[in-house]
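Residues per chain, in single letters:
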Amino acid sequence: MSALPSDDELVVSDAQLSAAAHRPQSLLLSFFGGLVLDSGLPPLPSSTLLDLLADLGVTEAAARATLKRMTQRGLLVRGQVGRTAEYTLTDLAEDVLREARGRVTSPAPFEHPDGEWTLLSYSVPESRRDLRHRVRARLSWAGFGGLRDGLWIAPGTVDVAAVFGRSDFAEAAGLADAFAARPLPGTDIDRLVHRGWDVPAIRAAHTWFIDTWSSPPRVGGSLAQLTLLGADWLSLLRTDPGLPAAQLGPNWPAALSTAVHHRVIDGLEPAARAALERSLRANGRIP
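Residues numbered from 1 in each chain as written. Predicted model: local features only at pLDDT ≥ 70, side-chain atom pairs only at ≥ 80, totals over all residues. Heavy atoms only, no water.

1. Some thoughts on the sheet that holds strand β4 (residues 117–122)
- Pairing within the open sheet is antiparallel, and its four strands lie in the order β5-β6-β4-β7. Each end of this open sheet is capped by a strand with a single partner; those strands are β5 (145–148) and β7 (176–181). If you compare each strand with its neighbour and ignore which way they point, the axes differ by 25° on average.
- Pairing geometry for β4 and strand β6 (residues 151–155), over five bridges, is antiparallel. Within the sheet, the bridge partner assigned to L119 lies in β6 and is I153.
- Contacts from helix α5 (residues 129–141) reach β4 and β6 within the one sheet, and its direction differs from that of β4 by about 180°.
- The sheet contacts of helix α8 (residues 189–196) involve β4, β5 and β6, and relative to β5 the element is tilted by about 105°. (Pairing = 2+ DSSP bridges. Helix = DSSP H or I, 4+ residues; strand = E, 2+ residues; numbered from the N terminus. Axes fitted to C-alpha atoms, helices over the stretch in contact; angles between N-to-C directions. Contact = heavy atoms within 4.5 Å.)

2. Considerations on the nonpolar core
- Within the largest apolar cluster, 66 residues are counted, with the highest numbers of intra-cluster contacts made by F31, F32, L35, L49 and L223.
- No other element matches the ten residues that helix α10 (residues 222–239) contributes to this core.
- Apart from residues lying up to four places away in sequence, F32 is in contact with L37, L44, L49, L76, L89 and L97. (Core = buried A, V, L, I, M, F, W, Y, C linked by side-chain atoms within 4.5 Å. Buried < 20%, exposed > 50% of the residue type's maximum accessible area, 1.4 Å probe, protein only.)

3. Here we look at the environment of T71
- Checked against the element boundaries, T71 lands in helix α3 (residues 60–72).
- C-alpha separation for the pair T71 and H261, spaced 190 residues apart in sequence, amounts to 30 Å.
- In this view, T71 contacts L76, R78 and Y87; residues no more than four positions away in its chain are not counted.

4. Quick notes on helix α2 (residues 46–55)
- Restricting attention to buried positions, one finds in α2 the residues S46, T48, L49, L50, L52 and L53.
- Immediately beyond the C-terminal end of α2, within one or two residues, lies G57, with a positive phi of roughly 90°.

5. Structural notes on the pattern of salt bridges
- Under the criterion given, the structure shown has ten salt bridges.
- With a closest N to O distance of 2.7 Å, D38 and R98 form a salt bridge. Of this pair, D38 sits in the loop between α1 (24–36) and β1 (44–45) while R98 sits in helix α4 (residues 91–104); the two residues are 60 residues apart in sequence, bridging distant segments of the chain.
- On the basis of relative accessibility, which here comes to 33%, the residue R98 falls in the partly exposed class.
- The closest approach of N and O atoms between D149 and R136, which form a salt bridge, is 3.7 Å. Taken together, the residues D149 in the loop between β5 and β6 and R136 in helix α5 connect sequence positions 13 residues apart.
- Under the relative-accessibility criterion, R136 is labelled partly exposed at 35%.
- Here the salt bridges share partners, and the residues they tie into one network are D38, E94, D95, R98 and R101. (Salt bridge = Lys/Arg side-chain N within 4 Å of Asp/Glu carboxyl O.)

6. Here we look at the sheet that holds strand β3 (residues 84–89)
- Taken together, the three strands give an open sheet; going across it, the order is β1-β3-β2, and neighbouring strands pair in antiparallel fashion. Of all the strands in the sheet, just β1 and β2 (76–81) have a single pairing partner and so form its edges.
- Pairing geometry for β2 and β3, over six bridges, is antiparallel. By the bridge assignment for β3, V77 is matched with T88.

7. Some details on the side chain of R103
- If you trace the backbone, R103 turns up in helix α4.
- Here R103 sits buried without a salt bridge, and the closest side chain of opposite charge, D240, lies 5.4 Å off (N-O distance).
- Residues within four places of R103 in sequence aside, it is in contact with P109, F110, W141, L237, D240, P241 and G242. (Lys, Arg positive; Asp, Glu negative; His and termini not counted.)

8. Focus on the packing of aromatic side chains
- Applying the stated criterion across every chain yields a total of five aromatic pairs.
- Note on F31 and F32: the rings are 5.4 Å apart at their centroids and 65° apart in plane angle, and the pair reads as edge-to-face. Like F31, the residue F32 is buried in the burial classification.
- By way of ring pairs, the aromatic residues F110, F209 and W233 are connected into one cluster. (Phe/Tyr/Trp six-rings, centres within 6.5 Å; stacked < 30°, edge-to-face > 60°.)

Pasting the structure below:
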């Protein structure tokens, strides 16, 4: 949900999902964010997580490697009960997921007040390419598109302090300056939007999501389906920051994507929560 290191393995998707493979880490973050965060559930046994990823086409070796890396990166805490490993979210991971949840559950995640923009300038030393990459990924998630090197713009009024507020971005906060902006008369907003974002690609991403989830894909059960839905929705939220409708052409599909997401999640969530409870009960984690 935020700028996190990449996994090498790709999920072997169902035939209906061949165009949208997800990294195992992204799938686990979708699962934890959708069903575990702030739920009061006990630590999850590794078998629950391995079974979930197996239903989504991830090999056991790749799944175990992902759990190890997420632990090393400070996203999961690994415990041990007898011979069974178990995992909980770290404080950092909880912060990342809570931050994303606001937009994930928003009734209108692609809408902003007309005429409002946030302009941001930043400069990261060439020697800190790792930080530069993380800042760019962070800004993209926050809705920014690049106008030119070091100059970014986002629709609406972005809480830039929150964007750089996490502890892992503390060193970047002092490198950025942000302004609330309104276009002056004569500004070609259409040209600006198409320079900052690939509008045809955003439309295609919406169309793919609608086509895919209007008839939910067949994967191994409601728990896997809900996890995959969350990963696809997060991918779409990263792709479309909520650009002004006047610049997007007729029949812009964002509202339909949102309706499909809410309809499918409402149908899947009760069964997915029940499936997770059955898994935890079978592993002796809840009575």
